[in-house]
Amino acid sequence: MKRVFSFGDKTIESAVKRIIEMRRVAVIGAGTMGQGIAADLLLKTDCEVVLLDVNSEALDRAREVLNAKWAGEVSATRIRPEDAKALESRTFFTQSYSDLATADIVWEAATEAIDIKKKIFRALEESLDADHLAAIFSNTSSHTTEELAILFKTEVLRSKFLTVHGYFPFDFNRLIDVMKGKYASAETYALGVVFADQVLEKVVMALPVDHHGYIADPIFQGMAAIMSWDIKTGQDIIDLGGLWSMFTANPFTVLDQTGHMPYTESSRHLGQALPDHDRLKSIYTRDGVYYTDWIAHLEKSGHSGINSPDRCGFFKWTTDARAKPAEVFDPESRKYIAKGQTSREAYWSMFEAAERDRAEGKIKSCDALLAVVLADDTAGRAFRRYVLPLCLYVLDLIQDGYATPGQINTCCRAGLRFKVGLVELVDAMIDELTIHGVLTLIHRARDENATDPHMLDMLDADGLRGPRTGKPCLLHELKKRNLTHLLGYGIYYHTPVAELDLASGTYRGCYGDLKLYEPSARDRVASIVFNCPLRGNVFNHAVIDQLAHAYHRVLNLHENGRCGAVLFTAAGTGMRMLGADAKEFNRGWFERDKGYTPLSEEDAAASSRNAVELFRTIQRSPVASVGVFGEKWGGGAEFTYFLDLRYDVRAFGYVYDTLERTSVWCEKPIYNQPELDYAILPGFAGASELKRIGVGHSGAYELFDQGLTATRAYQIGLSNGLFDDELEALRRGYEQARQMAKDAPYSRALFKAQLSREQDDASLAQETGEVFDPRKNPYINSGLVRLLDRGARPPKMNYACKDIDLPGWEYPRKSGMADHR
């Protein structure tokens, strides 16, 4: 493995150790998903990867795809030719299950057809070394873990089986599901979660309880299925599917890109297997069929999307590199017809909401969704018919204990790429209408669909009919308990940072772009990991809100004596940290033909003010801080200047020599501040912080004009530690933080205060005297016993800071969460 670390969490230490020992991973199924999984494993591990398929042609295609991918990486000067050869040498293609005998992990990514899965699992049982095997994963979209685990006869393989499900495209989608089910051991479950999190670098939906389709898939599947029964014409595919474009993308265009088989196979399975209490069951089984006749026609005709021979599915796609839908399938005529325009007269609320967003510099906002859901036009009625049942469905998932509000919202945002998650929409409707008003809105939708029994069942909020008979929806419980939000929102930009714990009625941190590991009692080190490697761990509005909330939790732990230091690092190979999100520099969507749309001075100033206020809190707090990072750009580099210590990992790659006009493989700069090239400034206080650190004008100019390698940064005193191995850097950084956490809070607070101001001898003498006063510094007794009685076991220090005035420091009384959305 390239890097797996426990961050002081004893519960995952054995999983971390087992993963580090892994040398061979097998993937069954050489189709689109299998290829994506194999490529990701090759890039993110040092393991051999075995790709198995019974079809030799599928293996040949997979070999071509992977080799072309590596050739493209070489051509783009991202890797060297010898790196590509090394990747090829670690890849094995086979039709024989005997080649999987020594695999540490086997990952099944074949069809959803249960008969084929039975054959695969039987072959695995005959071939695998169960003692050597760490885990078996299935990438199933709709089966539960239990349904597949029982295909194994032996208990040992059942105990090592998980469903681990990635989303298309695997290498560019952040979400992954890990579901335990009935039979998997706690050790296997922990291993699966750590593997998905740290090796695959994904946002993990860890689900201890089986649920058909996990969380994201039933939502996505439902988006298309719920309206498919009403679609009569090609224009309906555009108009009704276009409703979801207000959140993300038309689901029918996405299904064309992923292929129709997962959808049809999942619909068939969900129609057969969903429990009777599932609100959406009727969209998968009507009159003995699991999906509409026009979708069945496409399937029978081989029109399964962009990868079918004729590039036809719900749309007919162009043949150029950036394929686009050229025509749309018309269920009425069974032909492909020209795409029409959505009627502005019928869908006026959608058009007006989009125009209002553009005028206000917003992108697919909550306000736009509210405007449509309340509108009395075709768009409003369609929104209430198709979106409100999905909102009720996610409330069911929370009510039934399958998922938390934060998990559902993260699935929407990270996996389905919603700009506004469905739980956020529910909160926004409650803010706008009150819970009583939302229930009234659902009753309005019920009355609008009074002649459709299926819709009446799905729109039942009161437990009066359909699958949820006798169980009123969660809104009723929230109203009874005076709970008005399912999510908590950040103090700066009001993006989600916390979720409601339904049992206690309190909020707990829940982050989509970073992770907080709370400290163990022994180490007293918290770890904050920036966790969006696909986007380079950028500092956008959501990350600022999440970091503020997470650090307020750290401060609360410090005040209670449980935390003395925090380790900051970044997920992803190379531990990269980019700066402020360039997408937020433009007012609204950036459109090439229109060019840059300037932010207002007020918005631009706020982006600097908010980030620097947060970074100053981290810098001035009595909590020690260590940063362990690789390549850093812009605001990502500036953030590290506020930390007490910086440990750097050398980076190597191609660097363009502007004089020789060629790319050279060498040590790359890891401190990069290109702001001046783009006519902006280091808005996170880079100039002043470099001066404070003592880099000097010459070093600052060097950094801004050409960047600094890790070696050079160490030479000039910007870096405190230099490493070639990421895991070793983390180990050393964590250990240094553990030692710093032993500092007495009063002394460390005073030391930081002294560093931040000019010091005179009289003040020093006074403060030295105060340090020896137990009434002001209650830590002095145990601290000096440790110094004076070196031969004895030192007494444990009580690090709690409640009711103690720490010099130069006052704990923020904010929770890191706004009072409302």
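Located above this text is the structure these notes cover.
If you're wondering where the values come from, they're calculated on a predicted model, not measured in any experiment. Sequence order as written defines the numbering, with residues in each chain counted from 1. For a predicted model such as this one, the threshold for reporting local features is a pLDDT of at least 70, and the threshold for listing and counting side-chain atom pairs is 80 or more; totals across whole chains, interfaces and linings nevertheless cover every residue. Remark: hydrogens and water are excluded; side-chain values derive from all non-hydrogen atoms of the structure.

## Focus: the sheet that holds strand β14 (residues 506–509)
- An order of β12-β13-β14 is seen for the three strands of this open sheet, with the pairing classed as antiparallel. With one partner strand each, in any of the chains shown, β12 (487–489) and β14 form the two edges of the open sheet. Neighbour-to-neighbour, the strand axes of the sheet open up by a mean angle of 40 degrees, direction not taken into account.
- In short, DSSP must find at least two bridges between two strands for them to pair. Each helix is a run of DSSP H or I of at least 4 residues and each strand a run of E of at least 2, with the numbering of both proceeding from the N terminus. Relative to strand β13 (residues 496–501), β12 runs antiparallel, the two sharing three bridges. Directly across from Y489, in β13, lies its bridge partner P496. Angles here are taken between N-to-C directions and fall from 0 to 180 degrees, while the axes themselves are lines fitted to C-alpha atoms, restricted in helices to the stretch in contact.

## A few points about the packing of helix α9 (residues 216–228) against helix α11 (residues 251–258)
- Where α9 contacts α11, the axes come no closer than 10 Å and their chain directions differ by 120 degrees. Here α9 and α11 pass one another in a crossing that is left-handed. Facing α9, whose interface residues are F220, M223, A224 and M227, α11 presents P251, F252, V254 and L255.
- Class assignment of the residues belonging to the contact of α9 with α11 gives a composition of eight nonpolar, no polar and no charged. Crossing handedness: left-handed means the near helix sits turned counterclockwise from the far one by under a right angle, and right-handed means the same turn made clockwise. Contacts are residue-level and defined by heavy atoms, with any inter-residue pair within 4.5 Å sufficient. Residues are grouped as follows: Ala, Val, Leu, Ile, Met, Phe, Trp, Tyr, Cys and Pro are nonpolar; Asp, Glu, Lys and Arg are charged; all remaining types, including Gly, are polar.

## Quick look at a nonpolar patch on the surface
- Patches draw on residues past 30% relative accessible area with no salt bridge. Two like charges within 9 Å are joined, as are two nonpolar side chains (Val, Leu, Ile, Met, Phe, Trp, Tyr) within 5 Å. Per-residue accessibility takes into account occlusion by the displayed protein chains alone, with areas from the Shrake-Rupley method and a 1.4 Å probe. Any Lys or Arg side-chain nitrogen located within 4 Å of an Asp or Glu carboxyl oxygen qualifies as a salt bridge. Nonpolar side chains collect at one region of the surface, where F585, F590, Y596, Y678 and I680 lie side by side and expose about 570 Å² of accessible area between them.
- The residue F590 is located in the loop between β17 (565–570) and α23 (601–620) in this model.
- Here the term buried applies to any residue with accessible area under 20% of the maximum for its type, exposed to any over 50%, and partly exposed to those in between, with areas from a 1.4 Å probe on protein chains only. Using a relative accessible area of 53% as the deciding quantity, one classes F590 as exposed.

## Side note on the environment of N67
- With respect to the helices, strands and loops of the structure, N67 is situated in helix α3 (residues 56–75).
- Classification of N67 as partly exposed rests on a relative accessible area of 31%.
- Separated by 18 residues in sequence, N67 and K85 place their C-alpha atoms 9.2 Å apart.

## As for the environment of V394
- Checked against the element boundaries, V394 lands in helix α17 (residues 388–399).
- Here the alpha-carbon distance between V394 and I219, two residues 175 residues apart in the chain, equals 8.2 Å.
- Aside from chain neighbours lying at most four places away, what touches V394 is I219, I408 and L422.

## A few points about the side chain of E702
- Mapped onto the fold, E702 is located in helix α26 (residues 696–706).
- Leave out the neighbours within four places in its chain, and E702 touches G707, L708 and R712.

## As for the sheet that holds strand β18 (residues 624–629)
- The sheet built from six strands is open, its strands ordered β15-β16-β17-β18-β20-β25 with mixed pairing. The open sheet has two free edges, formed respectively by β15 (514–517) and β25 (721–723), since each of these has just one partner strand. Direction aside, the axes of adjacent strands within the sheet are offset by 15 degrees on average.
- Pairing of β15 with strand β16 (residues 525–530), which is carried by four bridges, proceeds in the antiparallel orientation. Bridged to Y517 within β16 is S527.

## Considerations on the environment of T253
- Residue position: T253 is located in helix α11.
- Along the chain, T253 and A570 lie 317 residues apart, while their C-alpha atoms are 34 Å from each other.
- Leaving out residues up to four positions away in the same chain, T253 has contacts with F315, W317 and P325.

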